[in-house]
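Observations on the model geometry
What follows is the residue order along each chain.
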Amino acid sequence: MPRKTLIVIGNGMVGHHFVESLVQSERAGEFNLVIFGEEPRPAYDRVHLTAYFASRNPEDLALASLDFYRAHGITCHLGDKVIEIDRSQKLIRSQKGAVCSYDLLVLATGSYPFVPPIPGHDRERCFVYRTIEDLRHIAEAAAKSRIGAVVGGGLLGLEAAKALQDLGLETHVVEFAPRLMAVQLDDGGGALLRRKIEALGVKVHTGKNTVNIASGTSRRLRMEFADGESLETDLIVFSAGIRPRDELARKCGLEVGSRGGIVVDDCLRTSDPEIYAIGECALWHNQIFGLVAPGYRMARVLVDHLNGKDVRFTGADLSTKLKLLGVEVGSIGDSHGRTPGSLNCVYQNERDGIYKRLIVSADGKKLLGAILVGDTSQYDTLLQYYLNGLDLPEPPDRLILPDLAEKPAGLGPEALPAGATVCSCHNVTKGKIVELIDQGVLALAEIKAQTKASTGCGGCAGLLKSLVEHELKKRGVAVKKDLCEHFPYSRQELYHLVRVEEIKTFDELLAKHGRGLGCDVCKPAVASILASYWNEYVLSDKHFKLQDTNDYRLANMQKDGTYSVVPRVPGGEITPDKLIVLGRVAKKYGLYTKITGAQRIDMFGARLEQLPAIWRDLIAAGFESGHAYAKALRTVKSCVGSTWCRYGVQDSVGLAILLENRYKGLRAPHKIKMAVSGCTRECAEAQGKDVGVIATDKGWNLYVGGNGGMKPRHADLFATDLDTETLIKYIDRFLMFYVRTADRLQRTSVWLENLEGGLEYLREVIIEDKLGICAELEQQMQRLIATYECEWKKTLENEEILRRRFRFFVNSEASDDNVVFVKERGQIRPATLAEKQRLRKIPIAEEAS
């Protein structure tokens, strides 16, 4: 039988998935495959397009190579757009003059970015965010810009905003709807997402209808809004939704929808039975699917259909989990509660920035939808309840309440049926994964390679990992705790690699022991490892891109985009002269002051460009960085001790100062707090700290593993009646052992609870030297102490860093005019949105006065 010629128009993610699935199918040998793609490169991962800015190497996003096409005998026309389909002659014509006949034709032309028909939308420095070429143009323009604006506050718009921020621009998001991510989130979730994104420095403008784009006065462009306001910017990225690429279908007479899209049936056939359409160009039951997972499902259904199977496309789940500008967001099913009779369960914690909403059936037994903002740890569990129609626990809100969030109603991998879908993008079930493990495929990476699970949108990564670990444990196989997909090692193993191989940069570690580009999980984790071992300057060129927002600015960002400055006050002891200096600095820069719970003075409201000047004044008076922004030692709290108190039996202040000066700057998996109490009355609350010391008439009692975080825990009594030298030796060992062996972002309390052998094992390691590493731990601590530098002072010595990272404008000392303060209780505080609007024309100094 002669082979049929099957032409695929479109070489995006869905088109490539179709080709990849077809060449692996039973009837692959029946087709001569021909592909046309208008981009100059093979298919690449558009979902993670923003990652391109990290390396500027398109190969890092590639889904296929030319070798793949050659190996399967596929004719590939790249950089050649199809301009005509002649249905009567059954052939296509391309822009470069190619003419090819076909037996079957698959349209995978995808979509194009919608650019609202705003006057001026076609000006220079107006871009879309769709291809690698688009990103290259944006990067070139950003290099000569200071401010960038994104039109569109949906998924793609926020991704574009992250890209602009990563390029170093002051970033604005302009959204027509009254909230961000209006399709996925309700008012409560959208409001919280906005607050979190604004806290990261992105300016959000909702309910804004852009009516004109003109030349600016202070910047290159001015966006004029229907309400009379305007925004000046250097470049604009349009990311206001997509429209199906159906122009070829229209031109050749295929049926299209009234609002666009190529009409297809359940077998993905168009109105011409020899032409099919899949992905974002296809209109199924009057619905366009704008996510990759439904497109992949269409591709697989079409492959099954071509293989003679009676399979139909029945729609797709549009649930999604992602991280936008570092903020976790999840949306499942009927997230807006439109199902008649549906009921709502809502948990909102504004202090911790968490919003969760469940939409359940009228009888409370089935999950219909969910919204998660700030914490998506329950996403995988909730998705399985939704996808598999599992009965909810009683009451349903047990699934989102914080006291049961870690073990939501007992639903884990073992509770899922074999047919439960783990990966929606590639339709991978639990049964398929278990079957592979039974066949001896034990490595998570190999399971991903064979099933493609977690290689689409990545939303199922957590569930897949926990399922594989659960099945391996059932079989008595040791489970490896990989840090993330880029490093097949735990944090502890990476620490050892850094130490043994003397690796000093993230790039070197990634080249030797990792893959890909890295992510928001591994970059800060490795940054912490490098800092805790080598103690190099965190803002040096080789380290600064790894840092979290606060470390990057050496200050704590607040919700209005300003920063707080916390100088170190060892042990809480401060001279009158230094108190006066703090008052003068706060008054000079208009800062709000507050005494913290850890006996320090926090100064709020510092604008980015003010930070170096504030540090310079503080350092001149003898202060240094308090590391309030870092995963490091924060403070050593103390009571007044025997110097003043009639109950005190030891000098708690003196010891607290000694400890704080010893361990200042120590980077760790999480923040560390200490305290020293001068007697058992415990005024310094030492038993609620990571390291607590309480004086006795015989010496010092040492407590470890306490904290006052999300799960408050009292510290455990570790050793009693210690002299000062022995106490410090044990603390040195304890801290370095914790730094060496804890997981990323793991407090000492959780680390101790998870430590095999618990407190007794810890005593054997630290006191009895069971592992023979105590001398090494002490030496490592001594090296960190010897190499300590104040990061504020170090930064002030580098004019280039100050110019690039601590100014809103490279060529000006001008401030951010979106930061507005009002007076309250004798001090100033950030203005609310309504207050900003009222005060927009009033100078800050005038209002504060």
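Before reading on, note that the structure itself is shown above.
Keep in mind that this is a model prediction, so the values were computed, not measured.

Considering the nonpolar core
Nonpolar side chains in soluble globular proteins generally cluster together in the buried interior. Counting 90 residues, the largest nonpolar core has Leu6, Phe18, Ile85, Ile92, Leu107 and Ile278 as the members making the most contacts within it. The residues contacting Ile278, other than those within four sequence positions of it, are Val14, Phe18, Val106, Leu107, Ala108, Leu268, Met298, Ala299 and Leu302. In terms of nonpolar packing, the next biggest core, distinct from the first, is built from 62 residues, Leu666, Ile672, Leu752 and Leu759 among them.

Section: the pattern of salt bridges
Counted by the stated rule, this structure contains 50 salt bridges. One salt bridge in this structure joins Arg269 and Asp265, with 3.0 Å as the shortest N-O distance. Classification of Asp265 as partly exposed rests on a relative accessible area of 27%. Across the salt bridge formed by Glu471 and Lys474, the nearest N and O atoms sit 3.8 Å from each other. Taken together, the positions of Glu471 and Lys474, both in helix α12 (residues 461-474) and three residues apart, correspond to about one turn of that helix. Using a relative accessible area of 3% as the deciding quantity, one classes Glu471 as buried. When salt bridges with common partners are traced through the structure, they connect Glu26, Asp304 and Lys309 into a single cluster.

Overview of the side chain of Asp234
Structurally, the position occupied by Asp234 is in the loop between β15 (230-233) and β16 (235-238). Side-chain polar atoms of Asp234 contact the side chain of Arg219, separated by 3.0 Å. Apart from the residues within four sequence positions on either side, Asp234 is in contact with Arg125, Ser145, Arg146, Ile147, Arg219, Arg220 and Leu221.

Digging into the sheet that holds strand β3 (residues 75-78)
Spatial ordering of the open sheet is given by β3-β2-β1-β7-β19, a layout of five strands whose pairing is parallel. Looking at strand neighbours, the two that pair on one side only are β3 and β19 (275-277), the edges of this open sheet. This sheet shows a mean twist of 15° between the axes of neighbouring strands, independent of strand direction. Pairing analysis gives four bridges linking strand β1 (residues 4-9) to strand β7 (residues 104-107), with the strands arranged parallel. Note on β7: the bridge partner recorded for Ile7 is Leu105.

Some remarks on the environment of Val183
Note that Val183 resides in the loop between β11 (170-175) and α6 (187-199). When the C-alpha atoms of Val183 and Phe544 are compared, they prove to be 35 Å apart, with 361 residues separating the residues in sequence.

Here's the deal with unusual backbone geometry
Of the consecutive residues Glu394 and Pro395, the connecting peptide bond is found in the cis state with omega at -5°. Positive phi, normally seen in glycine, also occurs at Asn286, with a value near 65°. Here Asn286 lies in the loop between β20 (282-284) and α8 (292-306). According to the relative accessible area criterion, Asn286 is exposed, its value standing at 67%.

Comments concerning the packing of helix α13 (residues 491-501) against helix α14 (residues 506-513)
Between α13 and α14, the least distance of the axes is 12 Å, while the angle of their chain directions is 105°. The angle between the axes of α13 and α14 places the two elements in the roughly perpendicular class. From α13, Leu494, Leu497, Val498 and Glu501 reach across to α14, where they touch Leu509, Lys512 and His513. Its residues placed into classes, the contact of α13 with α14 shows four nonpolar, one polar and two charged.

Observations concerning the state of the cysteines
By definition, a disulfide is the covalent link that joins the sulfur atoms of two cysteine residues. Tallying each qualifying case throughout the model produces zero disulfides. There is no disulfide at Cys100, and the cysteine sulfur nearest it, in Cys76, is 12 Å away. The closest cysteine sulfur to the non-disulfide-bonded Cys519 is located on Cys522, 3.8 Å from its own sulfur.

Examining helix α10 (residues 430-438)
Among the residues of α10, Lys430, Ile433, Val434, Leu436 and Ile437 are the ones counted as buried. Viewed end-on, α10 has its buried residues packed into an arc of 160°, placing them on one side of the element. Once α10 finishes, Gly440 follows within two positions and takes phi at roughly 100°, a positive value.

Brief notes about the pairing of strand β24 (residues 354-360)
Burial analysis of β24 places seven of its seven residues in the buried class, the great majority of the element. By the bridge criterion, seven bridges tie strand β23 (residues 343-349) to β24 in an arrangement that is antiparallel. Counted as the bridge partner of Asn344 is Ile359 from β24. In textbook terms, the turn of a hairpin is the stretch between consecutive antiparallel strands, and for β23 and β24 this stretch comprises four residues, one of which, Gly353, has a positive phi near 70°. Bridge count for β24 against strand β25 (residues 367-373) is six bridges, and the pairing is antiparallel. Paired with Tyr355 across the bridge in β25 is Val373. Here β24 hands over to β25 after six residues, with Gly364 in that stretch at a positive phi of 75°.

Structural notes on the packing of aromatic side chains
Given two aromatic rings, their pairing is described by the distance between the two centres and the angle made by the two planes. This structure, assessed with the given rule, holds 13 aromatic pairs. Look at Trp284 and Phe289: their rings are 6.2 Å apart centre to centre, the planes differ by 35°, and that puts the pair in the tilted class. Per residue, the accessibility class of Trp284 equals that of Phe289, and both read buried. Grouped by ring-pair contacts, the aromatic residues Phe734, Phe737, Tyr738 and Trp751 constitute a single cluster. We note Arg681 situated over the ring of Tyr647; from NZ or CZ to the ring centre the distance is 4.0 Å.

With respect to the pairing of strand β2 (residues 31-37)
Counting buried positions over the seven residues of β2 gives six, a clear majority of the element. For β1 and β2, the ladder comprises six bridges, and the chain directions are parallel. Counted as the bridge partner of Ile9 is Phe36 from β2. Handedness of the β1-helix α1 (residues 13-23)-β2 crossover: right-handed. Relative to β3, β2 runs parallel, the two being bridged by four bridges. Looking across to β3, one finds that Ile35 is bridged to Cys76.

What counts and what doesn't
Residues numbered from 1 in each chain as written. Predicted model: local features only at pLDDT ≥ 70, side-chain atom pairs only at ≥ 80, totals over all residues. Heavy atoms only, no water. Core = buried A, V, L, I, M, F, W, Y, C linked by side-chain atoms within 4.5 Å. Buried < 20%, exposed > 50% of the residue type's maximum accessible area, 1.4 Å probe, protein only. Contact = heavy atoms within 4.5 Å. Salt bridge = Lys/Arg side-chain N within 4 Å of Asp/Glu carboxyl O. Helix = DSSP H or I, 4+ residues; strand = E, 2+ residues; numbered from the N terminus. Polar contact = N/O pair within 3.5 Å; in protein donor to acceptor, adjacent residues only side chain to side chain. Pairing = 2+ DSSP bridges. Axes fitted to C-alpha atoms, helices over the stretch in contact; angles between N-to-C directions. Parallel < 35°, antiparallel > 145°, perpendicular 65-115°, else oblique. Nonpolar A, V, L, I, M, F, W, Y, C, P; charged D, E, K, R; others polar. Disulfide = S-S within 2.5 Å. Arc of directions from axis to C-beta. Phe/Tyr/Trp six-rings, centres within 6.5 Å; stacked < 30°, edge-to-face > 60°. Lys NZ or Arg CZ within 6 Å of the ring centre and 35° of its normal. Right-handed = clockwise from strand over helix to strand, strands pointing away.

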